[in-house]
Amino acid sequence: MALIGGLSITVVALAFLDPAVAAVIPALARAPAEGGALQAQVGVAEGLTRGRILAALRFTVTEAFLSAVVAILIGVPAAALAARRDFPGRRFLLSLSGVPLCVPPVIIALAFVLFYGRQGYLNAFLMRAFGLADPPVTFLYSLAGVVIAHGFYNFPVVLRTVTTAWERLDGSELEAAALLGASPARAFRTITLPRLWGAILSSAALVFLYCFFSFVIVLLFGGVGGTTLEVELYRAARASLDFRSAGMIALVETAVASAVVAAYSWASRAAARAPGGSGVARPRNPLSGALERSLAAAYLAFIAIFFLGPLASIIVRSLLAPVSSPFSSALSLSPAAWVTFLSRRNFLPALGNTVAVALAASVLATVAALFFALALDRARGPLARGAANAAPLSPLVVSSVMLAFGWSLVMPRGSRATLVLAEAAIAWPFAWTQVRAALDRVPASVREASALLSPSRLDLHFRVLVPLVWKGILSGAGFVFAISAGDATLPLVLSIRGFENLPLLLFRLAGSYRFSEACACAVFIAALTGFAFFLQDAAVSGERGAA
Amino acid sequence: MSAYLDVRDLRKRWPARSVAASFSLEKGSSLALLGPSGCGKSTVLRMIAGLVTPDSGSVSLDGEDITRARAGLRGVGMVFQDYALFPHLSVEDNIGYGPVSFGATRREGRAIAAKWLERFGLEGFAKRKVDSLSGGERQRVALARTLAVRPRLVLFDEPLSALDTELRERLRGELRERQKSLGYTAIYVTHDEAEAAFLADAVLRMDGPVAP
């Protein structure tokens with residue numbers, strides 16, 4: 001057992017550390033320096049490189065910052081609504097927090113093209129409604145497009161974190177403020193807001209990091225307005241084979257991300273430390289008054305149209321096919337896209353690859369996470385605590401593109417095994433978080449009873465703890481499966497010869513403007529990852545209910 | 001002439017139960033609402049404070065009908081069961097919170113707080129965070145915060161229930177003494193018969209909730 005445990009942890013740790021280090025080594029290597037002319041050339045090239053990297057850094061920080069602001073602007077009012085009021089659709093609104101985790105970015109990109117694109121549903125509607133000749137909504141392929149896609153995609157992260165913090169706020173403190181003459185605005189400013197800052201800042205930092213490392217969405221929309229470090233890294237590593245620049249970009253983005261991760265840990269610790277008061281939560285009231293009702297209705301309609309609209313348009317589009325007349329661009333209801341997609345020669349191999357890689361990554365990551373959690377279960381020293389706290393942050397510091405670039409340096413000929421290792425290395429902290437949370441809920445007395453009844457630590461681990469936390473383990477596995485099955489980034493950057501999975505297929509179908517088929521593929525992937533996510537969510541709620 | 005506080009047939013109904021109360025109180029005196037938990041005594045207190053809207057009945061204070069007035073604007077203060085101190089603010093900012101709400105500057109609020117801290121024997125506590133206070137100190141800060149806006153009526157919701165026996169006996173003496181020396185009108189809610197008799201001039205017994 002110890003062997004399996006040690007081996008799985010070592011494999012995953014190496015699968016992460018080895019390529020992460022490999023990716024930055026080219027940046028530290030000396031530039032070739034023989035011959036004056038060549039040296040001058042290298043100097044010019046380096047100057048260009050530095051300028052480009054700086055421009056990409058500026059663009060990346062700007063888009064990530066603005067995306068976090070958009071996510072806050074949409075997420076905080078939603079949190080106010082969900083935390084303080086009862087209304088039909090409240091649970092559904094909160095369940096949207098699954099979207100950033102279980103709907104892969106490649107699907108979001110497609111959804112935004114279909115909905116906000118020049119020929120998208122929004123423009124079609126506006127042009128018909130107002131008799132316009134040109135599409136009025138044209139922001140998609142610009143900084144604004146990237147920011148809006150990111151902001152919308154990630155607002156549920158803010159929504160979930162801030163709602164939880166808001167619900168923990170003590171009801172009697174606000175009543176005390178009211179009795180002391182504070183107006184609702186003053187009570188919000190002086191009592192509520194100071195207690196929410198930690199949650200707002202930590203969720204904003206998380207959104208910033210997600211957007212900072214966002215790849216597929218920027219690859220598709222970024223072109224005109226600018227490009228991010230991730231896309232530059234991809235181009236340098238894959239197109240121009242400029243490994244030195246790629247290494248420098250990897251170094252820069254990891255440095256920036258590390259600083260933000262430090263801010264994130266600080267803010268989330270502050271949020272957790274925020275005094276909880278007596279824990280007397282206020283009951284949620286139904287919406288009252290015409291103004292409140294209409295504001296809430298307008299807000300929910302806004303979310304339904306601009307957030308769910310793009311996602312729904314994927315399903316709609318997958319059920320539409322071009323009318324057979326060569327003189328018409330009209331679409332009609334038809335299963336043709338599904339039939340074509342499901343009967344593609346490469347559909348079954350792609351499905352097989354997706355499931356096989358996701359399953360293997362999920363098993364490897366979960367086994368490693370479980371053993372790591374068990375190894376740290378009794379350890380309460382500062383080193384163990386540090387390891388436990390730092391582990392889930394690792395994929396926030398090293399991006400998928402950087403990891404894949406590192407892998408391509410370690411093993412220039414990528415294979416399915418490389419992909420499995422890379423997926424496990426990126427996604428294992430999600431398994432770790434679930435397993436660890438489940439272990440933390442096991443009462444100390446259970447451990448003590450086990451210690452008194454058996455001298456073997458293995459008995460504690462495998463006859464007591466593992467059976468107690470199996471739902472957490474399953475949940476972790478589901479998480480990793482969902483993330484891996486929807487990931488287009490690692491397969492795209494690793495570019496394994498002859499390999500195709502569903503997200504890659506979707507990327508190519510969308511790239512060749514076969515939107516109906518791409519949508520069928522997207523719905524298929526969403527069903528697969530959504531199902532895995534649903535299973536893990538059910539497992540984890542069962543676990544909490546039982547605790 | 002009507003009483004200083006007149007609570008007349010104040011009633012709140014829920015589908016399965018309802019709470020009703022009628023009583024009056026003279027200025028400067030004190031009353032204890034005594035009853036088992038769940039009998040609705042806290043609800044009565046909250047209706048008087050304006051935190052719960054009654055379905056029927058009226059409350060008048062010093063001749064003024066305050067039944068529909070906003071909480072905070074009716075001159076009614078309350079010391080909560082858990083004190084509800086603002087944990088992110090210092091002791092002086094907790095006490096100064098009310099005066100600032102009513103238009104004082106922060107500096108004036110702190111000056112008012114300093115006066116109350118002195119009166120309550122809490123000199124040197126101004127900059128402390130409320131998390132670092134003992135149970136007894138918290139209660140004094142909560143009372144000082146309530147009195148700092150000079151309410152016409154002070155409500156106490158189970159003021160001693162969060163404390164251990166020894167402290168409870170000491171503080172109930174302190175509460176009684178302060179009410180006499182500062183002369184505020186007070187209503188205490190408690191489930192403890194001895195406490196009710198000790199704290200208040202009069203005791204109103206409330207039984208279980210009545211059917212709606």
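All figures in this text were calculated on a predicted structure; none of them were measured in a lab.

Enquirer: Before we move on, could you go through the packing of aromatic side chains and cite the residues and values that matter?
Expert: For the structure shown, the criterion picks out 26 aromatic pairs over all chains. Arranged with centres 5.8 Å apart and planes meeting at 40 degrees, the rings of A:Phe152 and A:Phe302 form a pair that is tilted. Placement of the pair is A:Phe152 in helix α7 (residues 143-168) and A:Phe302 in helix α13 (residues 290-318), with a sequence separation of 150 residues. On the accessibility criterion, A:Phe152 (6% relative accessible area) is buried. In this structure A:Phe302 comes out as partly exposed when scored by relative accessible area, which is 31%. Centroid distance A:Phe430 to A:Phe479: 5.5 Å. Interplanar angle 25 degrees. Geometry classified as stacked. Separated by 49 residues along the polypeptide, A:Phe430 in helix α19 (residues 416-440) and A:Phe479 in helix α22 (residues 470-485) bring together distant segments of the chain. Exposure remark for A:Phe430: the relative accessible area of 25% places this residue in the partly exposed category. Stacked on the ring of B:Tyr97, the Lys or Arg A:Arg186 has its end atom at 4.1 Å from the ring centre.

Enquirer: Residue-level account of the sheet that holds strand β3 (residues 30-34) of chain B, with values.
Expert: Residues and elements named next belong to chain B. Spatial ordering of the open sheet is given by β6-β7-β8-β3-β9, a layout of five strands whose pairing is parallel. The open sheet is flanked by β6 (76-79) and β9 (202-205), the only strands paired with a single partner. On average, each strand axis in the sheet is inclined to that of its neighbour by 20 degrees, with strand direction left out of account. Strand direction decides the pairing type here: β6 and strand β7 (residues 153-157), joined by four bridges, are parallel. Bridge pairing links Gly-77 to Val-154 in β7. Where helix α1 (residues 41-49) meets the sheet, its contacts fall on β3, β6, β7 and β8 (186-190), and the angle it forms with β7 comes to roughly 150 degrees.

Enquirer: If you had to explain the domain arrangement of chain B to someone new, which residues and values would you point to?
Expert: Residue and element names in this part refer to chain B. You can read the domains of chain B as domain 1 (1-75 + 151-212) and domain 2 (89-150). Relative to domain 2, the C-alpha centre of domain 1 lies at a distance of 24 Å. Each partner contributes residues to the interface: domain 1 has 16 residues there, and domain 2 has 13 residues. With both sides pooled, the region where domain 1 packs onto domain 2 buries about 1100 Å², and carbon together with sulfur makes up 69% of that total. Summed over the three residues of domain 1 that lose the most area to domain 2, namely Pro-151, Arg-178 and Leu-182, the buried surface amounts to 45% of that side. In this structure, the salt-bridge partner of Glu-174 is Arg-140, at a minimum N-O distance of 3.4 Å. Contributing elements (two or more residues each) for the side of domain 1 that touches domain 2: β7 and α5 (165-182). Examining the composition of the side of domain 1 that touches domain 2, we find that six residues originate from one element, α5, more than from any other. Considered class by class, the residues forming the side of domain 1 that touches domain 2 number twelve nonpolar, one polar and three charged.

Enquirer: Tell me about the interface of chain B and chain A, residues and numbers included.
Expert: Contacts between the two partners involve 24 residues from chain B, matched on the other side by 22 residues from chain A. Buried surface at the junction of chain B and chain A, summed over both partners, amounts to about 1800 Å²; 64% is from carbon and sulfur atoms. On inspection of chain B and its partner chain A, the count reaches one salt bridge. With a closest N to O distance of 2.3 Å, B:Arg46 and A:Glu175 form a salt bridge. The interface formed by chain B and chain A contains eight residue pairs in polar contact (both at pLDDT 80 or more). Contributions of two or more residues to the side of chain B that touches chain A are made by α1, β6, α2 (91-101) and α4 (135-147) of chain B.

Enquirer: Tell me about the confidence of the model for chain B, and please be specific about residues and values.
Expert: In the predicted model, chain B carries a mean pLDDT of 89, and 97% of its residues have values of at least 70. Ranking the elements of chain B by mean pLDDT puts α5(B) last with 87 and strand β4 (residues 56-61) of chain B first with 95.

Enquirer: Pulling in residues and values, what's your account of a nonpolar patch on the surface?
Expert: Nonpolar side chains collect at one region of the surface, where A:Phe65, A:Leu66, A:Val69 and A:Leu73 lie side by side and expose about 360 Å² of accessible area between them. Along the polypeptide, A:Leu66 turns up in helix α2 (residues 36-84).

Enquirer: I'd like to hear about unusual backbone geometry, residue by residue, with values.
Expert: Residues and elements named next belong to chain B. Positive phi outside glycine occurs at Tyr-83, with the angle close to 75 degrees. Take Tyr-83: it is sitting in the loop between β6 and α2. The class for Tyr-83 is buried, based on a relative accessible area of 4%.

Basis of the calculations
Residues numbered from 1 in each chain as written. Chains lettered and ligands numbered in written order. Predicted model: local features only at pLDDT ≥ 70, side-chain atom pairs only at ≥ 80, totals over all residues. Heavy atoms only, no water. Phe/Tyr/Trp six-rings, centres within 6.5 Å; stacked < 30°, edge-to-face > 60°. Helix = DSSP H or I, 4+ residues; strand = E, 2+ residues; numbered from the N terminus. Buried < 20%, exposed > 50% of the residue type's maximum accessible area, 1.4 Å probe, protein only. Lys NZ or Arg CZ within 6 Å of the ring centre and 35° of its normal. Pairing = 2+ DSSP bridges. Axes fitted to C-alpha atoms, helices over the stretch in contact; angles between N-to-C directions. Contact = heavy atoms within 4.5 Å. Domains from an automatic or database assignment. Buried area = accessible area lost by both parts, 1.4 Å probe. Salt bridge = Lys/Arg side-chain N within 4 Å of Asp/Glu carboxyl O. Nonpolar A, V, L, I, M, F, W, Y, C, P; charged D, E, K, R; others polar. Polar contact = N/O pair within 3.5 Å; in protein donor to acceptor, adjacent residues only side chain to side chain. pLDDT = per-residue confidence, 0-100. Patch = residues over 30% accessible without salt bridge, like charges linked within 9 Å, V, L, I, M, F, W, Y side chains within 5 Å. Areas by Shrake-Rupley, 256 points an atom, 1.4 Å probe, with all protein chains shown as cover.

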